[in-house]
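# Geometric and topological summary
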Amino acid sequence: MSGFFKSSIGRKYAMALSAFFLMIFLLQHFAINILSVFSADAFNEASHFMGTFWIVQYIFQPILIFGVVYHFVMGFILEAKNRSARVKKYAKNNGGANSSWMSRNMIYSGLAILAFLVLHFIDFWIPEINTKYIQGDMSGLLADGEGYRYYEELTHKFVSPLRVGAYVIAFVFLSLHLLHGFSSAFQSAGISSMRKKKLQTFGKAYAIVLPLGFIIIALYHHFNH
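For the protein, the name recorded in an unreviewed UniProt entry is Succinate dehydrogenase cytochrome b subunit, with Maribacter cobaltidurans as its organism.

As structure tokens, then:
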């Protein structure tokens, strides 16, 4: 088994598994965040549950962090090996004749997403860890004790047009990354060609609708803060 995951096919398969996991997480993350557009109370309740439920905090959260790190590290390894193989064995890539723009630039969209994740961690995850595990405040309440703090923290982050612009650009890159990554993950996992067309249609919808949804959330709170 270890030999399989050291092979090129094995690495791509493992990369696909981590991609599936992260795509499911994105759906869950969006489902909670979109609540903030419709109901501050519903968003606060969902955020507090996710932020205090022990299974989420001590099991799912470490798995998520591992999945993110693994996906990026394996992506960079595969990209380096693919570039080396093209230089040694293949003719020069002929642009769109051999592959799509998205597939040739996955490394750059990935780097843009990685930069966004650093910003996102600084904005939300690190302050959350500091509040709960360093300061020891698991209540989730505002400083005055009047209600939960999650909605206020979210809307505060989207006041700055520069930060909102960074989020919008990052989600555009996420869409480009997913347009190729979704179908590529299913192909690496060995999905039959009979289902390929349906998966491509679903993948395009996912890659466009989900990032667009996150953009709408950021813009909504920016213009309604």
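### Quick look at helix α7 (residues 106-134)
A bend of about 50° at Phe121 is the largest found in α7. What α7 keeps buried is the set Met106, Ile107, Ser109, Gly110, Ile113, Phe116, His120, Asp123, Glu128, Thr131 and Lys132. Once α7 ends, the next one or two residues include Gly136, with phi positive near 80°.

### Points about helix α4 (residues 40-52)
Between its first and last C-alpha atoms α4 spans 18 Å; for 13 residues at 1.5 Å apiece the expected length is 18 Å, and the two agree. When we look at burial in α4, the residues that qualify are Phe43, Asn44, Ala46, Ser47, His48 and Gly51.

### Considerations on the layout of surface pockets
Approximately 190 Å³ is the volume attributed to the second largest pocket. Leu179, His180, Ser183, Gln200 and Lys204 are the residues nearest the centre of the second largest pocket, which is lined by 11 residues in total. Mapped onto the lining of the second largest pocket, the elements with two or more residues apiece are α9 (161-188) and α10 (196-223). Here the lining of the second largest pocket gets 5 residues from one element, more than from any other, and that element is α9.

### Examining the pattern of salt bridges
In this structure the tally under the stated criterion is 4 salt bridges. Its salt-bridge partner being Arg163, residue Asp123 comes within 2.8 Å of it at the nearest N-O pair. With Asp123 in helix α7 and Arg163 in helix α9, this pair connects stretches of sequence that are 40 residues apart. Taking the relative accessible area as the measure of exposure, Arg163 reaches 26% and is therefore partly exposed. Notably, a salt bridge pairs Arg149 with Glu128, separated by 2.9 Å at the nearest N-O pair. With Arg149 in the loop between α7 and α8 (150-157) and Glu128 in helix α7, the pair connects residues that are 21 residues apart, well separated along the chain. One exposure class covers both Arg149 and Glu128, and it is buried. A network of salt bridges, in which partner residues are shared, links Glu128, Lys132, Arg149 and Glu153.

### Overview of the nonpolar core
Grouped together as the largest cluster of nonpolar side chains are 36 residues, with contacts concentrated most on Met23, Phe171, Tyr206 and Phe214. Elements supplying a minimum of two residues to this core: α2 (8-33), α4, α5 (54-89), α7, α8, α9 and α10. Top contributing element to this core by residue count: α9, with 9 residues. Leaving out residues up to four positions away in the same chain, Met23 has contacts with Leu178, Phe182, Ala185 and Tyr206.

About the cut-offs
- Residues numbered from 1 in each chain as written.
- Predicted model: local features only at pLDDT ≥ 70, side-chain atom pairs only at ≥ 80, totals over all residues.
- Heavy atoms only, no water.
- Bend = angle between axes of the 7 residues up to and from the residue.
- Helix = DSSP H or I, 4+ residues; strand = E, 2+ residues; numbered from the N terminus.
- Buried < 20%, exposed > 50% of the residue type's maximum accessible area, 1.4 Å probe, protein only.
- Expected span 1.5 Å × (residues − 1).
- 1 Å grid on protein atoms, 1.4 Å probe; cavity = no way out; pocket = protein on both sides within 12 Å on 5 of 7 lines; lining within 4 Å.
- Points joined across faces, edges and corners; volume = space filled by probe spheres on them.
- Salt bridge = Lys/Arg side-chain N within 4 Å of Asp/Glu carboxyl O.
- Core = buried A, V, L, I, M, F, W, Y, C linked by side-chain atoms within 4.5 Å.
- Contact = heavy atoms within 4.5 Å.

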